[in-house]
Amino acid sequence: MFIVGLTGGIGTGKSTVSQMIKDYGIPVLDADFYARKVVEPGRKAWKKIKNEFGNTVFHPSGEINREALGELIFENKERRRKLNEITHPEIYREMAWAAIRCFFQGHQFIVMDLPLLFESGVMLNYLYKIIVVTCEEDLQVERLIERNRMTEARAKVRIATQMPLEKKAEAANFVIENSGSLEDTREQVARIVSVLKASNHHWKLRIIAGFLCCGFVSFIFWAGYRIYLGRALAR
């Protein structure tokens, strides 16, 4: 099984592309889903956020007030870095376990939806291919204003905190230009999925994994035999 990274910019329509990929029966591990999961009340990341940022970023119910926390970190680079230090290890751990489950389920490949793929750099060495979703800048701002009910100035600040789309596109294996119709986007997704399904890269990884498993099992049997032999000679 190989891993494909999906990323883009805020407001580019990455979630739409993600759903289109899911429609092909391909598992998509969404970092935002795990980001919400790891900060559920009582969990380790939740406790660290409470200690670091105080009660102002929590609802009375104890759940994270994502809007308040977002306002706090997007205007402060140091606080944004601190939040990432708290949550990212937990998020990637959850995603790693989910990926292992997909491997044993026999999937050819999975897609990891990683909004900050290039900004964090953590997963780059583990990805076989990278898909970047882009759109026209004016449309990106418009979508963000409509979705998050914010001013144009605030939307541009949010966008500016991320790596420019042009640089992300340059580092991608596939680029989906999502400024047109849904049908146009769907056709781009179909072409990329077709290319990925034609790849034999997953067999190389399964062969390597098979050799490693065989080696591990052989070592266990060898170690068990040595222990048994040692006890037999000691009698």
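Parameters and conventions
- Residues numbered from 1 in each chain as written.
- Predicted model: local features only at pLDDT ≥ 70, side-chain atom pairs only at ≥ 80, totals over all residues.
- Heavy atoms only, no water.
- Helix = DSSP H or I, 4+ residues; strand = E, 2+ residues; numbered from the N terminus.
- Buried < 20%, exposed > 50% of the residue type's maximum accessible area, 1.4 Å probe, protein only.
- Contact = heavy atoms within 4.5 Å.
- Patch = residues over 30% accessible without salt bridge, like charges linked within 9 Å, V, L, I, M, F, W, Y side chains within 5 Å.
- Areas by Shrake-Rupley, 256 points an atom, 1.4 Å probe, with all protein chains shown as cover.
- Salt bridge = Lys/Arg side-chain N within 4 Å of Asp/Glu carboxyl O.
- Lys, Arg positive; Asp, Glu negative; His and termini not counted.
- Charge placed at Lys NZ, Arg CZ, Asp CG, Glu CD.

Caption draft 1: Representation of the environment of Asn200 within the structure. Within the secondary structure, Asn200 sits in the loop between α10 (182–197) and α11 (201–234). Assessed through its relative accessible area of 53%, Asn200 is described here as exposed.

Caption draft 2: Representation of unusual backbone geometry. Backbone geometry places Arg149, a non-glycine residue, at a positive phi of 50°. If you trace the backbone, Arg149 turns up in the loop between α7 (137–148) and α8 (152–160). Arg149 sits in the exposed class, given a relative accessible area of 78%.

Caption draft 3: Spatial organisation of the side chain of His88. Within the secondary structure, His88 is located in helix α5 (residues 77–104). Overall, the relative accessible area of 15% leaves His88 in the buried class. Dropping the residues within four chain positions of it, His88 is found in contact with Leu116 and Ser120.

Caption draft 4: The arrangement of a negative patch on the surface in detail. Judged by side-chain charge, Glu136, Glu137, Asp138, Glu142, Glu146, Glu166, Glu170, Glu177, Asp184 and Glu187 come together as a negatively charged surface patch. Elements with a contribution of two residues or more to the negative patch: α7, α9 (165–170) and α10. In terms of residue count, α7 provides more of the negative patch than any other element does, 4 residues in total.

Caption draft 5: Summary view of the pattern of salt bridges. Scanning the entire structure with this criterion turns up 13 salt bridges. Its salt-bridge partner being Glu71, residue Arg158 comes within 3.1 Å of it at the nearest N-O pair. Remark: Glu71 occurs in helix α4 (residues 66–74) and Arg158 occurs in helix α8; sequence separation between them is 87 residues. Owing to a relative accessible area of 27%, Glu71 belongs among the partly exposed residues under this scheme. Glu78 serves as the salt-bridge partner of Arg81, at 2.1 Å between the closest nitrogen and oxygen. One end of the pair is Arg81 and the other is Glu78, both in helix α5 and 3 residues apart, which spans about a single turn. Taken together, the shared-partner salt bridges in this structure form one network comprising Glu78, Arg81, Lys82 and Glu85.

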